[in-house]
Structure formats: C-alpha cells, structure tokens
Amino acid sequence: MNRKICQHLSEAVRIPTVSFFDPDREDEAAFERFDAFLRRAYPAVFEKGTCERVGRRGYLITLTGGDGPTAVLMAHYDVVPADPAKWTEDPFSGRITDTGVWGRGTLDTKGTLIAILEAAEERLESGRRPKGTLYLAFSGEEEVEGESAHDIARLLKARGIRPAFVLDEGGAVIPEGLPGVPGEAAMIGIAEKGVINVRLTLTGQGGHASTPPQHTLAGRMAKAACAIEKHRFRPRLTPPVIAMFEDIGRRRGGLTGFLFRHVRLYARPVALLAVRLGGTFRAMVSTTAAVTMMSGSPSYNVLPDTAALGLNLRLLPGDDLEAVIGELRKAVDDPAIRFDVISGSLPSPVSVIGDEAWQLLTQVTSEVWPGAMTAPYTLNGGTDSRFYHEISDHVYKFTPIRETKADRETIHGIDEHIRLEDLDRLVDFYRRLISRL
C-alpha cells in the first residue's frame, strides 16, 4: 500500500468536517482547513484543472480532455458526528495501523474522495489528460441533505452539459453475495428510493399527571407508532430489482438461473420471499416507514398538550406519496393526528444498463474484483447523485470497496475504518476507470 495515500486519508479524517442540520453547530474553521489540505495534497488537480466553489460547500473541478464523452465522479467530504468514548480508536485520529486507517469518513466517503483525487493527480502528473472532459464533484453537506450537490447539477445543466457517465456512492462489493448465488457480489445502484420525512402531531389539553385521562396524547401517539410499525406495504419487484435477477440469471445455470431469468413470471412469490428474508431484502421490494423521533412533555409530572412523532419513509420507484400517507393514516386510525411532509425527495428515475457506460463500469469492477458478480439494484439510502438524473441517463451508485455486514454497520456507527487492501483496491479502481474516461 502506498504510504502517501494512507497519510492523505489519515489527514483528511483528522479534520473534523462534521455537518449538522443546525449550521451554527458546525466548525467552519475545519472546513477551511480541509480546503487548504486538498489544495496542498493535490497540486496538479488544482493547478491544471479548473476549480469552482459552488453553493455553500460544493467543489466542481473540471479536467479538460479530448473530444470523448463527459463524465462525473462524485463524493462528499462532510461526516456525521462520532462519540470518542464509544470507539476503539479516536474517530478523528486517522490512525494508521498494520491493517487499516481508522476514523469517521474512511468509508463514507472521504476514502472515495481521496482515491479519486489520487488517481486524477497521478494521471495529470504523468502529462496525460482524460479522453473527454472529466468533472470531479464534491459536496460538504450531503449528510444534512444540503443543496451543494444540487447546485452543481443545476450549473452543469445551465451549461448544457449532459454527462455520459456519473458515479457516486451507493452499493458495495459484498462478500456474502445474494440468496442462492454464492460468492462476492458487486451491487451497483441504478435508482434510489424516495426519502421523505413526515411529522405526526396531536394537540389537546395538557394538565397535571396526577389526574390523567384514559389515554394521554403521548399514549395515543405511542399507539400510532405501534400501528405504523405493524403496517406492511405491499411488496413488489421494481424494474431495477427485476434487472438484477435477470442479469444474475443469464450468468447462472440450474434451477436458480432459470428462476432468475424468468423472475417476471414469479414476481409475487419472489417478493414475498424477500420480505421473509427481512433487512435489506425486504427494503429492496417494499416501501418502508421507520419511526425515528418522538416528543411529548418535558417533565415526568406534566401531561403534554402536544405530542409528535417523526417518520422516515423510503418509497419504492413508482409509489405515490399521497397513497403511502393515506395507508398510514388508515393504519393509525386516529383522525385527530395531523400528518405533515417536512422534507425529502421522491424516487429517482432508473438509469440505463447494458450499454457502453454500464459495460465500462462492470468491466472495471470485474478487473479489480475478479470473480465478483455485478448486479444492478435500487439503493435504499439517498445520495447526492439523485440530482444528476435530470442531466444524465447513466447515474450509477457504487462504492468500490469490499464491505462485510459488520463493515456496513460502522458507517454512521462505531469504529468505522478501511482495511489497507481495500484502500489499495479503491485507488486502483479509480486509476483504471479514469484511464478509460
């Protein structure tokens, strides 16, 4: 492993670019230090490319090349908070061990950002330019659903640029593979579920807890939360999931291959099986509603005059938001509870697969992870790339890192780190990809 790359990632992690929904809580000086670090660590990119600061915390770096197709490589450099008391290593130490680099952002997604810049820097230092114009688009407010990435996409659209290839974070190389398909699988997102935040509110008369009514506002809201958690939206296979099974089926024999190739004929039982498997597989075939926030009285002995509940909805492509909220209203069965959509984005369009852009991505992936099966799917989470579907039919969501289930749980969790061999492959992936762009 190149020691310089490890040191660059370590330094990036040591700068705590933590974003908050309340901007007043952010350390503006840390973001300024990160800017200085980037310019010092990657002089060729910033001197030979054109760097524009877009929106609040966006970077658009243009590397002008030949007359080939344009491409966009994306990452974000803001991170979520971390409690040092719960970590094995300090989350902002960037400690380099014999096995990896530790710290918040190593997987999500400072590691990706560093890999992109390392590969671009090497290419420019060697005197080579991209075949077409290459855009490096980085946001510093992805974790708080900020507008920087959208600002960059709008700027490209205003300039009449329609990228032939866009790559952002998303799926990963998962060693556990897929049900019925042994071996590693490289999961490449071609669409995103919608992400909608909804607030439920119930108002009434408060009072002293010594003389409570039969059902307090908080109790009624708790009942609503239970009803929402029990509710199951009808599972179905969306076009990206069908494409995933068909793509796998074409490369497999036997009964599994036959079923996957003809999944349209067995869509209902396959969807029900995915629900039974739970977790990622249930989310892949169903709209979901997660209860994430609750509030009532600030005191033990005071009845609240307002109770509230926060929901995070993840909508399948094709699902209607009003219909989904209508289902939840019916499940809750309390007409006094008010439903308000606070923020979010609808499901993205589905990107094209099977053509030159898709083949480029799958070919590079196969070179870096020989034997891994590539498969398209719908991303359950939200990414900055959702804004790029307006200007490109080829928006892919793939984090080129081998991630076990335990690794994935460290993202936004405890002990996030990247293994040295995975960092090496991450940089190799972008070297190979940029050499073809």
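Here we summarise the structure given alongside this text. (Residues numbered from 1 in each chain as written. Predicted model: local features only at pLDDT ≥ 70, side-chain atom pairs only at ≥ 80, totals over all residues. Heavy atoms only, no water.)

What follows concerns the overall build of the protein. Tallying secondary structure elements over the protein gives 14 helices and 16 strands in all. The globule rule puts the C-alpha radius of gyration for 437 residues at 22 Å, and the 23 Å found for the protein is close to it. Counting only C-alpha atoms, the protein reaches 80 × 60 × 45 Å along its principal axes. Relative to its 437 residues, the protein shows a buried fraction of 54%. Pairs at least 24 apart in sequence give 80% of the contacts found in the protein among residues at least 6 apart. (Helix = DSSP H or I, 4+ residues; strand = E, 2+ residues; numbered from the N terminus. Rg over C-alpha atoms; globule rule 2.2 N^0.38 Å. Buried < 20%, exposed > 50% of the residue type's maximum accessible area, 1.4 Å probe, protein only. Contact = heavy atoms within 4.5 Å.)

This part takes up the packing of helix α1 (residues 3-14) against helix α14 (residues 420-436). The contact between α1 and α14 brings their axes to 11 Å, and the two run at 100°. On the basis of the axis angle, α1 is roughly perpendicular to α14. Residues Ile5, Cys6 and Leu9 of α1 pack against Leu420, Leu423, Val427 and Arg431 of α14. Taken together, the residues of the contact of α1 with α14 sort by class into six nonpolar, no polar and one charged. (Axes fitted to C-alpha atoms, helices over the stretch in contact; angles between N-to-C directions. Parallel < 35°, antiparallel > 145°, perpendicular 65-115°, else oblique. Nonpolar A, V, L, I, M, F, W, Y, C, P; charged D, E, K, R; others polar.)

With that settled, the discussion passes to unusual backbone geometry. Cis geometry marks the peptide bond from Asp108 to Thr109, where omega comes out at -20°. Of note, Thr109 is situated in the loop between β4 (100-102) and α4 (110-125). Unusually for a residue other than glycine, Asp333 sits at a positive phi of about 55°. Non-glycine residue Asp415 carries a positive phi angle of around 65°. Relative to the helices and strands, Asp415 is located in the loop between α13 (405-410) and β16 (417-419).

With respect to topology, four strands assemble into an open sheet ordered β10-β12-β8-β13, the strand pairing being antiparallel. With one partner strand each, in any of the chains shown, β10 (288-295) and β13 (338-345) form the two edges of the open sheet. Each strand of the sheet is rotated relative to its neighbour by a mean of 20°, with strand direction disregarded. Strand direction decides the pairing type here: strand β8 (residues 194-203) and strand β12 (residues 306-315), joined by 10 bridges, are antiparallel. Following the sheet pairing, Gly194 is matched in β12 by Leu315. Against the sheet, helix α6 (residues 217-230) contacts β8, β10 and β12, and its axis sits at roughly 15° relative to β12. (Pairing = 2+ DSSP bridges.)

Counted under the stated rule, the structure contains 11 aromatic pairs. Arranged with centres 5.1 Å apart and planes meeting at 5°, the rings of Phe34 and Tyr77 form a pair that is stacked. Remark: Tyr77 occurs in the loop between β3 (68-76) and β4 and Phe34 occurs in helix α2 (residues 28-41); sequence separation between them is 43 residues. Following the ring pairs from residue to residue traces out a cluster consisting of Phe31, Phe34, Phe37, Tyr59 and Tyr77. A cation sits over an aromatic face here: Arg57 above Phe31, 3.5 Å from the ring centre. (Phe/Tyr/Trp six-rings, centres within 6.5 Å; stacked < 30°, edge-to-face > 60°. Lys NZ or Arg CZ within 6 Å of the ring centre and 35° of its normal.)

What follows is about the nonpolar core. One recurring pattern in soluble globular proteins: nonpolar side chains tend to sit buried together. Of all hydrophobic cores here, the largest spans 63 residues; its most connected members are Leu73, Leu136 and Phe165. If we ignore the near neighbours within four places in the chain, the residues touching Leu136 are Val45, Tyr59, Leu60, Ile61, Leu63, Leu73, Ile116, Leu117 and Ala120. Formed by 22 residues, the second largest nonpolar core is a distinct cluster that contains Val198, Leu202, Leu217 and Val332. (Core = buried A, V, L, I, M, F, W, Y, C linked by side-chain atoms within 4.5 Å.)

It is worth spelling out α2 at this point. In this model, α2 (14 residues) spans 20 Å end to end at C-alpha, consistent with the 20 Å of a helix rising 1.5 Å per residue. For α2, the full list of buried residues reads Ala30, Phe31, Phe34, Asp35, Phe37, Leu38 and Ala41. Across the axial projection of α2, the buried residues extend over an arc of 160°, all falling on one side. Across α2 from its buried face, at more than 90 degrees, point the exposed residues Glu32 and Arg40. Packing partners of the buried residues in α2 comprise α1, α3 (43-48), β1 (50-54), β2 (58-63) and α4. The distance from a side-chain oxygen at the start of α2 to the backbone nitrogen of Ala29 is 3.2 Å, and the residue carrying that oxygen is Asp27. (Expected span 1.5 Å × (residues − 1). Arc of directions from axis to C-beta. Polar contact = N/O pair within 3.5 Å; in protein donor to acceptor, adjacent residues only side chain to side chain.)

Right, let's get into the side chain of Glu246. Relative to the elements of secondary structure, Glu246 occurs in helix α7 (residues 239-249). Among the residues examined, Glu246 registers a relative accessible area of 15% and is labelled buried. At a separation of 2.7 Å, a polar atom in the side chain of Glu246 contacts the side chain of Arg264. With sequence-adjacent residues up to four places away left out, Glu246 is seen in contact with Phe260, Arg261, Val263 and Arg264.

On to the side chain of Lys110. The topology assignment puts Lys110 in helix α4. Put simply, Lys110 is tucked away with no salt bridge, and the nearest opposite charge, on Asp78, sits 8.8 Å away. Ignoring anything within four residues of it in the chain, the contact list for Lys110 reads Leu9, Ala12, Val13, Ile15, Thr17, Phe34, His76, Tyr77, Val79 and Gly105. (Lys, Arg positive; Asp, Glu negative; His and termini not counted. Salt bridge = Lys/Arg side-chain N within 4 Å of Asp/Glu carboxyl O.)

In the structure shown here, the tally under the stated rule is 29 salt bridges. Salt-bridge contacts for Asp319 lead to Arg236; the nearest nitrogen and oxygen are separated by 2.6 Å. Residue Asp319 is located in the loop between β12 and α11 (321-332), and its partner Arg236 is located in the loop between α6 and α7; the two are separated by 83 residues in the primary sequence. Several salt bridges share partner residues, and in doing so they unite Glu26, Glu28, Arg56, Arg57 and Glu141 into one network.

Any functional reading would require information that these geometric values do not contain.
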